Amino acid sequence: MTDFTMTTDADGVAVITWDVPNKSMNVLSLEGLAHLSDLIDQAHADEAVKGIVITSGKDTFAGGMDLNVIAKMKESAGDDPAKGLFEGTMQMHAILRKIELAGMDPKTQKGGKPTAAALPGTALGIGLELPLSTHRIFAADNPKAKIGLPEILVGIFPGAGGTTRLSRKLGAMAASPLLLEGKLNDPKKAKAAGVIDEVVPAEDLLAAAKAWVLDAKDADLVKPWDQKGFKIPGGTPYHPAGFMTYVGASAMVNGKTQGVYPAAKAMLSAVYEGAMVPFDTALKIEARWFTNVLMNPSSGAMIRSLFINKEALEKGANRPKVEDQKVKKLGVIGAGMMGAGITLVSAQAGMEVVLIDATQEAADRGKAYTEKYMDAGIAKRKATPEKKEQVLSLITATTDYAALSGCDLIIEAVFEDPTVKADVTAKVEAAVGEDCIFASNTSTLPISMLAKASTRPEQFIGIHFFSPVEKMMLVEIIKGKATGERAVAKALDYVRQIRKTPIVVNDARFFYANRCIIPYINEGIRMVAEGVEPALIENAAKLVGMPLGPLQLVDETSIDLGVKIAKATKAAMGDAYPDGAVDEVLFWMADEGRLGRKSAAGFYAYDEKGKRQGLWDGLAAKYPVADEQPDLHTVQHRLLFAQVLEAVRALEEGVLEDIREGDVGAILGWGFAPWSGGPFSWLDIIGTPYAAEVCDQLTEAYGDRFACPALLREMADKGQEFYNRFAAEQAA
Ligand code: NAD
């Protein structure tokens with residue numbers, strides 16, 4: 001069985017059908033590409049063939065390049081990986097260019113064989129770059145189909161001619177949301193944007209493409225950029241209009257990426273430099289920049305964490321081997337902010353949900369959250385009134401625990417108070433069947449401690465969501481000491497149903513994500529107390545790829561929550577508590593009534609509408625800015641090491657069992673510099689010996705919280721990388 005097959009019909013149209021065996025979606029492998037090339041050669045050489053239609057045997061066209069192949073391309077490129085990558089990319093260009101030039105006479109531009117693409121559904125990445133090399137793109141009128149070039153989202157850019165072709169087809173300005181943001185469109189919008197040519201009813205797709213091929217004239221096969229006097233829409237960089245576009249695009253890319261994502265900059269360079277030279281030279285430039293990006297460790301790390309490992313975790317890489325635990329009926333206790341969000345995403349996934357609160361009014365309010373959310377979706381045309389009714393009909397809001405009968409999973413999201421939670425646990429267990437799994441959404445209380453209130457601790461687990469539930473992709477699953485395998489499988493199957501990404505960790509203070517994010521916030525606040533310029537702290541964080549600076553982050557999560565956590569931690573740790581200097585600032589802010597965004601006053605100032613303005617200038621009166629300021633690099637090291645050392649300790653202590661979860665969880669859970677691939681990937685990029693050296697410097701200058709963990713020290717001494725050492729351990 002091969003990925004592509006070709007049959008020629010009585011009219012002389014060769015139909016090449018892409019249908020990768022045993023995959024739900026087509027992805028392009030290097031072997032597949034070589035085979036496609038052979039089929040094109042055959043069709044061009046065969047006198048009986050008048051033209052070609054490339055289509056798919058599935059209900060989608062293609063999901064793109066097999067990213068596993070890209071990840072391996074570098075390794076398989078021999079001693080000179082850059083050369084190997086460049087040559088491999090140029091081979092890809094040659095094949096697509098062959099389709100585009102259609103075997104025509106290069107002088108007269110006549111006698112070529114037309115090729116059309118017929119897309120039954122979704123066409124992404126090279127699944128669109130291939131059609132862009134044909135002479136006409138047809139798509140079935142399938143509103144669920146997504147068409148676009150999402151490469152930028154995993155740290156690369158369209159490197160099979162998509163960047164060059166789209167920017168020439170649409171002009172740099174119109175192509176920029178598609179290239180720089182990876183924006184996807186349904187077929188009608190893709191046609192309106194000029195990306196594809198025709199949208200036809202699904203049943204007419206092949207016939208329409210064939211008819212066009214049989215009808216096409218020589219002139220239809222010559223792409224605008226192969227015609228004499230071609231001008232790029234919107235102008236080249238030295239044209240007055242083009243000049244404005246490129247200056248603006250450059251500023252926008254640097255503003256959005258803070259200069260830390262190599263792919264966006266490289267793509268813009270490919271477009272800019274390519275715009276000033278003939279098409280084939282532009283492809284070569286694109287290939288060089290593509291090689292440059294693939295050689296940058298950031299792209300490999302991003303692909304590994306955001307694509308390969310994220311998907312592996314979603315598919316149950318760490319799921320115990322017990323039978324299917326899909327949830328049919330879910331009970332949610334506590335209809336506050338979290339309970340309401342959990343109810344929404346679960347009902348959207350088709351589960352029956354019983355939502356319980358202490359009063360009917362509170363339960364109803366929780367259900368109304370789903371109603372409001374669906375109404376907003378209808379206003380944005382993302383949902384229909386029927387869908388809203390269907391989702392709402394799945395939710396029962398009540399105070400009656402008897403309604404929980406038949407539930408196979410309960411998630412409690414009541415107040416963060418062990419007594420309240422224990423009371424709820426007992427009430428639930430009296431109402432549900434023996435097999436029901438009970439989960440707590442606690443963010444700070446140990447699962448093993450809460451499980452003491454349960455008569456079935458092996459069925460007790462933590463399912464920790466992040467706020468807002470409907471937006472945040474990560475769910476942290478926490479195993480208590482007694483938690484059994486079926487509970488873990490249940491939690492994982494549930495997370496899969498609601499289409500989020502799970503990590504499974506062991507029970508310890510703050511689990512994994514909060515454990516790493518709190519020291520980041522604390523380090524920022526500590527610097528305020530030391531007199532470091534607050535703008536330096538915030539910008540240093542953003543310039544290293546953190547989505548929010550530590551001071552903005554604590555404003556968002558609220559300063560009184562910080563105070564609450566600090567008090568509880570201090571009570572638990574006693575004399576060993578290390579964050580007194582932080583508390584001084586935090587408690588003072590709380591006393592001043594500056595609780596963050598919710599009180600429209602925090603480390604930042606806000607206007608009457610609650611919109612964030614600049615940093616609050618009153619801070620300097622209490623914590624004057626020191627005359628001497630640390631350099632940017634030092635501030636960045638403090639902020640990043642505060643997080644990554646906690647991640648290493650979590651691994652060392654067995655809270656984390658898999659570094660893939662540590663990296664994916666960090667990016668999805670708290671936005672840890674995504675360009676780095678996560679804390680462990682980042683340590684591999686800078687090298688463990690250098691990381692240990694920085695620990696020593698920071699420890700000497702700022703204290704023991706930066707002490708190099710024994711595991712990191714050992715790895716530094718041996719020159720080891722996390723992904724080598726732990727991938728090998730896992731394989732063993
Ligand atoms: P919330 O105060 O908004 O909601 C709690 C709800 O529980 C309220 O509606 C309350 O009436 C109800 N409740 C209290 N006692 C009850 C009882 N005995 N029986 C039935 N209902 C009861 O709180 P929240 O922010 O939704 O947090 C809930 C839980 O989720 C906490 O354990 C919290 O630590 C955890 N959590 C919160 C966040 C967050 O960002 N807010 C994130 C992750 C986890």
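The residue count restarts for each chain, going from 1 along the sequence in the order it is written. Thresholds applied to this predicted model are a pLDDT of at least 70 for local features of residues and 80 or more for the giving and counting of side-chain atom pairs; totals over whole chains, interfaces and linings are not thresholded and use all residues. Computation of side-chain values: all heavy atoms of the structure, hydrogens and water removed.

On to the domain arrangement of the protein chain. For the protein chain, the domain assignment lists domain 1 (1-146 + 185-222), domain 2 (155-182 + 227-295), domain 3 (329-508) and domain 4 (514-728). Computed from C-alpha coordinates alone, the two centres of domain 1 and domain 2 are separated by 22 Å. Throughout, a residue-residue contact means that at least one pair of heavy atoms, one from each residue, lies within 4.5 Å. With 25 residues of domain 1 at the interface, the matching set in domain 2 holds 24 residues. Between domain 1 and domain 2, a total of about 2100 Å² is buried, with carbon and sulfur atoms accounting for 67% of that surface. When two parts are brought into contact, each loses some accessible area as probed by a 1.4 Å sphere; the total of that loss over both is the buried area. Looking at the side of domain 1 facing domain 2, the largest losses of area belong to Phe86, His93 and Glu129, adding up to 27% of the total buried there. A carboxyl oxygen of Asp or Glu within 4 Å of a side-chain nitrogen of Lys or Arg is what we treat as a salt bridge. Between domain 1 and domain 2 we count two salt bridges in total. Residue Asp280 is joined to Arg97 by a salt bridge in which the shortest nitrogen-to-oxygen separation is 2.9 Å. For this analysis, a polar contact is any N or O atom pair within 3.5 Å, provided that within protein one partner can donate a hydrogen and the other can accept it, and provided that sequence-adjacent residues contribute only side-chain to side-chain pairs. There are eight residue pairs in polar contact (both at pLDDT 80 or more) connecting domain 1 and domain 2. Numbering of helices and strands runs from the N terminus; a helix is a DSSP stretch of H or I covering at least four residues, while a strand is a stretch of E covering at least two. Within the residue set of the side of domain 1 that touches domain 2, elements represented by two or more residues are helix 2 (67-73), helix 3 (81-101) and helix 4 (126-133). Looking at which element gives the most residues to the side of domain 1 that touches domain 2, the answer is helix 3, with eleven residues. The source of the domain bounds is an automatic or database domain assignment.

Below, the discussion takes up the side chain of Thr398. Among the secondary structure elements, Thr398 is positioned in strand 13 (residues 395-398). Only protein chains enter the area calculation, which uses a 1.4 Å probe; residues under 20% of their type maximum are buried, those over 50% are exposed, and those in between are partly exposed. Given the relative accessible area of 12%, Thr398 is considered buried. A polar contact is formed between the side chain of Thr398 and the backbone nitrogen of Asp400, at a distance of 2.9 Å. Each residue touching Thr398, except ones within four places of it in the same chain, is listed here: Val354, Leu355, Ile356, Asp357, Gln360, Ala363 and Ala403.

Excluding any residue in a salt bridge, patches collect residues exceeding 30% relative accessible area, merging like charges within 9 Å and nonpolar Val, Leu, Ile, Met, Phe, Trp and Tyr side chains within 5 Å. In these tables, accessible area is a Shrake-Rupley quantity obtained with a 1.4 Å probe, and a residue counts as shielded only by the protein chains included in the view. Taken together, the side chains of Phe243, Met244 and Val247 present a nonpolar region at the surface, about 330 Å² in accessible area. Among the structural elements, Val247 can be located in helix 9 (residues 240-257).

Leu404, Tyr512, Phe603, Phe641, Phe680 and Phe722 are the most contacted members of the largest nonpolar core, which has 97 residues in total. With ten residues, helix 25 (residues 632-652) is the single largest residue contributor to this core. The two domains that each donate at least three residues to this core are domain 3 (329-508) and domain 4 (514-728). Trp18, Met65, Leu96 and Met267 belong to the second-largest nonpolar core, a separate cluster that totals 69 residues. Buried residues of nine kinds, namely Ala, Val, Leu, Ile, Met, Phe, Trp, Tyr and Cys, make up a nonpolar core once their side-chain atoms join them within 4.5 Å.

Once that is clear, we can look at the packing of aromatic side chains. Aromatic pairs are defined between Phe, Tyr and Trp rings, using the six-membered ring for Trp, whenever the two ring centres lie within 6.5 Å; interplanar angles under 30 degrees are classed as stacked, those over 60 as edge-to-face, and all others as tilted. A complete count under the given rule lists 15 aromatic pairs for this structure. On the numbers, 5.4 Å between centres and 15 degrees between planes, the contact of Trp225 with Phe279 is stacked. Of the two residues, Trp225 is situated in the loop between helix 8 (205-215) and helix 9 and Phe279 in helix 11 (residues 279-295); the sequence distance between them amounts to 54 residues. Of the two residues, Trp225 and Phe279, neither departs from the other in class, the shared state being buried. Ring plane angle 70 degrees and centroid distance 5.5 Å describe the contact between Phe641 and Trp682, whose orientation is recorded as edge-to-face. Taken together, the residues span a long stretch of sequence, with Phe641 in helix 25 and Trp682 in helix 27 (residues 679-686) at a distance of 41 residues. For the pair Phe641 and Trp682, one class covers both residues: buried. Among the aromatic side chains, those forming a connected cluster through ring pairs are Phe4, Trp18 and Phe61. Each ring is checked for a lysine NZ or an arginine CZ that lies within 6 Å of its centre and within 35 degrees of its normal; such an atom marks a charge sitting over the ring. A cation sits over an aromatic face here: Lys567 above Phe587, 5.4 Å from the ring centre.

Tracing the sequence through the fold places Asn522 in helix 19 (residues 513-530). In this structure Asn522 touches Asp579 and Val582, once residues within four positions along its chain are discounted.

This paragraph deals with the packing of helix 3 against helix 4. Helix-helix packing is described using two parameters, namely the angle between the two axes and the distance between the axes. The convention used is that axes are lines fitted to C-alpha atoms, helices contributing only their stretch in contact, and that angles between N-to-C directions extend from 0 to 180 degrees. Interaxial distance between helix 3 and helix 4 falls to 7 Å at its minimum, and their mutual angle equals 40 degrees. By the criterion of interaxial angle, the relationship of helix 3 to helix 4 is oblique. Seen from helix 3, the contacting residues are Met92, Leu96, Ile99 and Glu100; seen from helix 4, they are Ile126, Glu129, Leu130, Leu132 and Ser133. Considered class by class, the residues forming the contact of helix 3 with helix 4 number six nonpolar, one polar and two charged. Each angle is binned into one of four classes, with values under 35 degrees roughly parallel, values over 145 roughly antiparallel, values of 65 to 115 roughly perpendicular, and all other values oblique. Charged residues are taken to be Asp, Glu, Lys and Arg, nonpolar residues to be Ala, Val, Leu, Ile, Met, Phe, Trp, Tyr, Cys and Pro, and polar residues to be all remaining types, Gly included.

Here helix 12 (residues 297-314) contains 18 residues, and its C-alpha end-to-end distance of 24 Å stays within 8% of the 26 Å for a straight helix at 1.5 Å per residue. Roughly 35 degrees is the biggest bend found in helix 12, and it falls at Arg304. Burial in helix 12 covers these residues: Ser298, Ser299, Ala301, Met302, Ile303, Ser305, Leu306, Asn309 and Leu313. Capping the start of helix 12 is the job of one residue whose side-chain oxygen sits 2.8 Å from the backbone nitrogen of Ser298: Asn296. Backbone geometry just downstream of helix 12 places Gly316 in the positive-phi region, at approximately 95 degrees. For a helix, the expected span equals 1.5 Å multiplied by the number of residues minus one. At any given residue, the bend is defined as the angle formed between two axes, one fitted to the seven residues that end at that position and one fitted to the seven that begin there.

On to the site of the ligand. It suffices for a single heavy atom of a residue to lie within 4 Å of a molecule or strand for the residue to be listed as near it. Every one of the 21 residues lining the ligand counts as a neighbour, but Met338, Asp357, Glu416, Lys421 and Ser443 are closest to it. In this structure, an oxygen atom belonging to the ligand sits 3.4 Å away from a main-chain N or O atom of Gly336. A distance of 2.7 Å separates an oxygen atom of the ligand from a polar side-chain atom of Lys421. Protein coverage of the free-state accessible area of the ligand, which is 840 Å², stands at 76%. Here the shell around the ligand gets three residues from one element, more than from any other, and that element is helix 16 (residues 418-431). Residue classes in the shell around the ligand are distributed as eleven nonpolar, seven polar and three charged.

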